[in-house]
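The lines below spell out each chain.
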Amino acid sequence: MKTDLTDTTSSKINKALVLGRRAIGTPAVGMVLTLVIVTDEENAYDALKAANEASREHPSRTLVVIKRVSRSPRDRAKARLDAEVRLGADASTGETVVLRLYGEVVDHAQSVVLPLLLPDAPVVVWWPVNAPSDPANDPLGALAQRRVTDTYSAEQPIQELTARADAYTPGDTDLSWTRITPWRSMLAAALDQVVCEVTSAEVEGEEFNPSVELLAMWLADRLKVPVRRSKSAGPGLTSVRMETSSGPIVLDRPDGSLATLSIQGQPDRGVALKRRDTAELIAEELRRLDPDDTYATALRFGLERLDEEAATTAPEAARPTVEETVAVEETVVEEAPAAKPAAKKSPAKKAAAK
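Here the structure is a predicted model, which means the values were calculated and not measured. (Residues numbered from 1 in each chain as written. Predicted model: local features only at pLDDT ≥ 70, side-chain atom pairs only at ≥ 80, totals over all residues. Heavy atoms only, no water.)

1. Notes on the pattern of salt bridges
Scanning all chains against the criterion turns up 18 salt bridges. Across the pair lysine 224 and aspartate 221 runs a salt bridge, and its minimum N-O distance is 3.8 Å. Among the charged side chains, a salt-bridge network with shared partners connects Arg21, Arg61 and Glu95. (Salt bridge = Lys/Arg side-chain N within 4 Å of Asp/Glu carboxyl O.)

This is the structure in structure tokens:
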């Protein structure tokens, strides 16, 4: 069931929700949370599709906030709110309200969203793209217990990761961290099978993928060992190698689907480690609404410390210093005269032989 409302208000949207529930025969509200999606028109379809699939596990009221940019100054000065209310089969197991904001109301989106929140239910705000630099201080982010961003969609993911660490507030999380949950589980299980001491590690993945940096920082923080970050053609994370006192432990996934776990003294085994879609990621984030302390510790470890320790683990071939270059040249000059007399004596030896 769909209801289109043009130039409307929050009270009229609430009334449309009540009438819609009565029309489909479910007057009671069975939602467990409110999911607010802040996106643009280009990414609204994919984000809403992922939220609808996640609502099968977490029935929720989904509010999609789309801030439309008006072209003319006259349109920008005029505030308008259009809404599309979806219930029943059109909204999966929850309720969906698509809000399109025009003009001055774009700067006051929290005033539109606040009356539509479910009473006494947690609120989660998700920015699929263009997340604010400080989600907790954003007007919409201030309404939520959990704030979900995705640094992978940023123009400069690694710099965005550093900004997230500087502005971290309990309740913040990122889908780049959620993507490495199976990797962290598998590596922890591998270390439980062997009694050993890890001396160093290497994480390999595609360039400009913040999940690789997060996994490397998590390993460095937990194991207290140097961790090197290497680049590969992808897709995503491709390999993790840990050097231990009992031999190397390698988790390799070259194709993005099936991984191979290799432990010294044990046969190699295949592990299902496929890349998950956005619906699975957002569903995992909605399972817990308390602060993720492990994510906070790994995020605050710092990319700079990771680079320093990586250089200690696997230093690149260093260029000779000026002193070393001068010393080598002097050695060559000293040895050169000694080689000339040896070359003159060789004809004499030939003559004696004759």
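2. Here we look at the packing of aromatic side chains
Following the criterion strictly, the structure yields two aromatic pairs and no others. Relative to tyrosine 295, the ring of tyrosine 168 lies with its centre 6.0 Å away and its plane at 65 degrees, an arrangement referred to as edge-to-face. With tyrosine 168 in the loop between helix H5 (157–166) and strand S8 (172–174) and tyrosine 295 in helix H10 (residues 293–299), this residue pair connects regions lying 127 residues apart in the sequence. The exposure class of tyrosine 168 is buried, given its relative accessible area of 10%. Ring plane angle 55 degrees and centroid distance 5.6 Å describe the contact between tryptophan 177 and tyrosine 295, whose orientation is recorded as tilted. Of this pair, tryptophan 177 sits in helix H6 (residues 175–178) while tyrosine 295 sits in helix H10; the two residues are 118 residues apart in sequence, bridging distant segments of the chain. An aromatic cluster is present here, built from Tyr168, Trp177 and Tyr295 joined pairwise through their rings. For the cation-ring pair, arginine 80 lies above tyrosine 102, with the distance from its terminal atom to the ring centre recorded as 4.2 Å. Its end group placed over the ring of tryptophan 218, arginine 184 keeps NZ or CZ at 5.8 Å from the ring centre. (Phe/Tyr/Trp six-rings, centres within 6.5 Å; stacked < 30°, edge-to-face > 60°. Helix = DSSP H or I, 4+ residues; strand = E, 2+ residues; numbered from the N terminus. Buried < 20%, exposed > 50% of the residue type's maximum accessible area, 1.4 Å probe, protein only. Lys NZ or Arg CZ within 6 Å of the ring centre and 35° of its normal.)

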